[in-house]
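# Close look at the chain arrangement
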Amino acid sequence: MRSIRTRILTAVLTFGGGALLTILLAPLIGSTPISVRRAFDWSVPFGDNPDAQIFFIARLPRTLAGALVGSTLASAGVVFQGLLRNPLATPFTLGVSAGAALGAMIAITFAPALAPSGIPAAPLASFAGSLLAVGIVYLLARARHRGLSTNTLLLAGVTMNAFFSALILFVQYFADFTDTFRILRWLMGDLDVSSYAPLVSTLPLVIASFAAFVWLARPLNLLSLGPDAAESRGLDVTGAQRVAFVSASLATGAAVSVGGPVGFIGIIVPHLVRLMVGADHRVVLPASALFGAAFLVACDVVSRTVMAPLELPVGIITALIGGPFFLWLLVRRR
Amino acid sequence: MLQAVDATFGYGDTPVLHGVSLDIPAGALVGLIGPNGAGKTTLLRLLSGTRRPSAGQMLLDGSPLSVRSRAALAQRIAVVPQESQLAFDYTVLEVVLMGRYAHLGTFAVEGPTDLAIARAALEATGVAALEERMFSTLSGGEKQRAIIASALAQISSSSRSSPGGEILILDEPTAALDLRYQLGVASLLHDLHARRGSTIVVSTHDLAFAARVCRTLVMIKDGRVLASGPVDDVLSAGRVRELYDVDVDVVRHGSSRLVVPRGQGDTERRA
């Protein structure tokens, strides 16, 4: 067996190369053909340069958003699967997305009246909602146990998902047709951010979470033996579970505030990656982050072009691929 | 070397152990027997330092377990559970290398020394040929050997400064195994004790296994030590009856002892 150093390096170079290539090519593909040379021709004023406008305002932020959301959801998926010791867990299993959806919904329905300042309220509110949901789940899981009970986490997460869905329907009942339409579009997951601001504002949180993920790689390996076995091998199990839960939840909340609850990335990518590189989280985590970025950016290119000039929300594409994939996984597991 | 001094422990409001005192000298091969719910697993948890007694003390080389770091403890004491299920598909070698966790710095990766120790452990447990296999594809007995190898890798010191200092704790290691694999684990423990000088504590419901493998036995009942001492002294019909509330005969069969239930129907009626 090759040394773990070599395996990590190989994975980072291979998946990193793929991600870089995808991110570089994606902004060039679209319903309107553009010329790279003209887009980067600084002698033409930006206002008179449609190629540059399409490249820098429409496509590049969208591509970068895809990379950010894709890599975050994919690696958060790995962490949640390791934490819950369940390969079928997703970043949304513990109620993050439902909380975020409720927050976004409240903002879309009521915020225009509250905040006429022009600050987009939906991303902030969705992040607050996801924090609320995971906070409740965390307290529930801690209340009943010495450490964190993964069974309680799962049950609390499933219950919170159902409860928040009820609240979402309640809020929707009071929304008018335009708001309902915007809410639905938000739920589909859409990377059309059309500015760099949401990326810049979520980046610090994502970087902090990724730093935690680097530390978590080895603890997650041990946790897959079970909490008792991990503890007897010298791991602070409760500490590792807390770090995993908090960092993966924050990262997921940040990603959802940018692109909405884009489904299935957090389960498709980790599984494909494990098939390719094995189970060691020190390889799986970086590979999933890079592959997740490439995967979502590629899905977004499909969503922008498959019915051009119509631009489908990318969540539809990932769900169309992800649903059958999830079923295949379910059937394949003996 | 490893001692329990008047150790008391409970989960929440449920008391489990009441003032258990136990002395496990270096190089001992101790069997822990007793009915379900007597507190065997809990006592093993206290001995391994993953739980702390609410009263009394656990001592390793005369100093309390609680003053040592998790890593320092893990380098001396390893635990083998009854069964191991992995959440993901790791290879056997990867599982064994997980035993090296406590020996590595936060962001360090396993080096050649760790790999050599892992391979030696696989060799010692007789599953060296399986190192590339997926753990999930092994049979129950092979899994148990791989997990014991992981435990050995955990307590193997890279400098070999303290030979014989390693302590292996096994919680009903044969409960899920068929006869052949039970015998395999028995001879493996025998080997580890004889060749490496490992100190071994093993809990079991299998009295024949306990009699064959162990040098000393500790009987636990209702969270207290009922009896302890050399196998020949402890494993008597009277003691076994007292331990399990079952009438038995203890008969010699060759070099080993067999515990044979007597008048089982009567016992059940009485219970």
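Residues numbered from 1 in each chain as written. Chains lettered and ligands numbered in written order. Predicted model: local features only at pLDDT ≥ 70, side-chain atom pairs only at ≥ 80, totals over all residues.

Our focus in this paragraph is the overall build of chain A. Scanning chain A from terminus to terminus reveals 13 helices and 0 strands. For chain A, whose C-alpha radius of gyration is 20 Å, the value lies close to the compact-globule estimate of 20 Å for 334 residues. If one aligns the C-alpha atoms of chain A with their principal axes, the spans along those axes are about 65 × 55 × 35 Å. Going through the 334 residues of chain A one by one, you find that 49% of them count as buried. A fraction of 77% describes how many contacts in chain A between residues 6 or more apart in sequence connect residues 24 or more apart. (Helix = DSSP H or I, 4+ residues; strand = E, 2+ residues; numbered from the N terminus. Rg over C-alpha atoms; globule rule 2.2 N^0.38 Å. Buried ≥ 20, exposed ≤ 12 C-beta atoms within 10 Å, placed from the backbone. Contact = placed C-beta atoms within 7 Å.)

This part takes up the nonpolar core. Formed by 179 residues in total, the largest nonpolar core has its most connected members in A:Val79, B:Val96, B:Leu168 and B:Ile169. If one sorts the elements of this core by residue count, helix H12 (residues 281–305) of chain A sits on top with 15 residues. Apart from the residues within four sequence positions on either side, B:Leu168 is in contact with B:Ala78, B:Val80, B:Ala151, B:Ile155, B:Leu192, B:Ser198 and B:Ile200. (Core = buried A, V, L, I, M, F, W, Y, C linked by C-beta atoms within 7 Å.)

With that out of the way, let us pick up helix H11 (residues 265–277) of chain A. All names here are of chain A. Here H11 spans 18 Å end to end across 13 residues, near enough to the 18 Å set by a 1.5 Å rise per residue. Of all 13 residues in H11, 10 are buried, a share of seventy percent or more. Packed against the buried residues of H11 are helix H1 (4–25), helix H3 (50–84), H12 and helix H13 (314–332). Positive backbone phi, at 90°, marks glycine 278, one or two positions downstream of H11. (Expected span 1.5 Å × (residues − 1).)

Once that is clear, we can look at the sheet that holds strand E4 (residues 55–60) of chain B. Residues and elements named next belong to chain B. The antiparallel open sheet is built from 4 strands, whose spatial order is E2-E1-E4-E5. Where the open sheet ends on each side, the last strands, each with one partner, are strand E2 (14–24) and strand E5 (63–64). Looking at chain direction, E4 and E5 are connected through 2 bridges and run antiparallel. In the sheet register, leucine 59 faces E5, and the bridge partner there is proline 64. (Pairing = 2+ DSSP bridges.)

All names here are of chain B. Pairing between strand E1 (residues 2–11) and E4: 5 bridges, direction antiparallel. Paired with valine 5 across the strands is glutamine 57, a residue of E4. With antiparallel pairing between neighbouring strands as the criterion, E4 and E5 make up a hairpin whose turn holds 2 residues, including aspartate 61 at a positive phi of roughly 50°.

Listed by partner, the interface residues are 23 residues for chain A and 25 residues for chain B. At the level of elements, H1, helix H8 (197–223) and helix H9 (227–232) of chain A are the ones that each hand at least two residues to the side of chain A that touches chain B. Per-class residue counts for the side of chain A that touches chain B are 9 nonpolar, 5 polar and 9 charged. (Nonpolar A, V, L, I, M, F, W, Y, C, P; charged D, E, K, R; others polar.)

On to the sheet that holds strand E10 (residues 224–230) of chain B, then. Residue and element names in this part refer to chain B. One open sheet holds the 6 strands; their spatial order is E6-E7-E8-E3-E9-E10, and the pairing between them is mixed. Edge positions in the open sheet fall to strand E6 (77–80) and E10, since each of these has one partner strand only. Within the sheet, the average angular offset between the axes of one strand and its neighbour, ignoring direction, is 15°. Pairing of E6 with strand E7 (residues 167–171), which is carried by 4 bridges, proceeds in the parallel orientation. Looking at E7, one finds that valine 80 is bridged to leucine 170. Contacts between helix H6 (residues 179–196) and the sheet are confined to strand E3 (29–33), E7 and strand E8 (199–203), with E8 contributing the most and set at about 155° to the helix. (Axes fitted to C-alpha atoms, helices over the stretch in contact; angles between N-to-C directions.)

All names here are of chain B. Position of glutamate 142 among the secondary structure elements: in helix H5 (residues 140–155). Between the alpha carbons of glutamate 142 and threonine 125 there is a distance of 9.3 Å; along the sequence they are 17 residues apart. Each residue touching glutamate 142, except ones within four places of it in the same chain, is listed here: Val127 and Leu130.

Attention now goes to the pairing of strand E12 (residues 256–261) of chain B. Residue and element names in this part refer to chain B. Judged from the 6 bridges that link them, strand E11 (residues 248–253) and E12 form a sheet pairing that is antiparallel. Directly across from arginine 252, in E12, lies its bridge partner arginine 257. Between E11 and E12, which pair antiparallel one after the other, the connecting turn spans 2 residues, and glycine 254 there sits at a positive phi close to 60°.

Describing two packed helices takes the angle between their axes plus the distance from one axis to the other. Residues and elements named next belong to chain A. Between H3 and H8, the shortest axis-to-axis distance is 10 Å and the interhelical angle comes to 30°. Between H3 and H8, the angle is such that the two are roughly parallel. Handedness of the H3/H8 crossing: left-handed. Between H3, through Pro61, Leu64, Ala65, Leu68, Thr72, Ser75, Val79 and Gly82, and H8, the contact on the second element is made entirely by Leu199, Val206, Phe213, Leu216, Leu220 and Leu223. Of the residues that constitute the contact of H3 with H8, the class distribution is 11 nonpolar, 3 polar and no charged. (Parallel < 35°, antiparallel > 145°, perpendicular 65-115°, else oblique. Left-handed = near helix turned anticlockwise from the far one by under 90°.)

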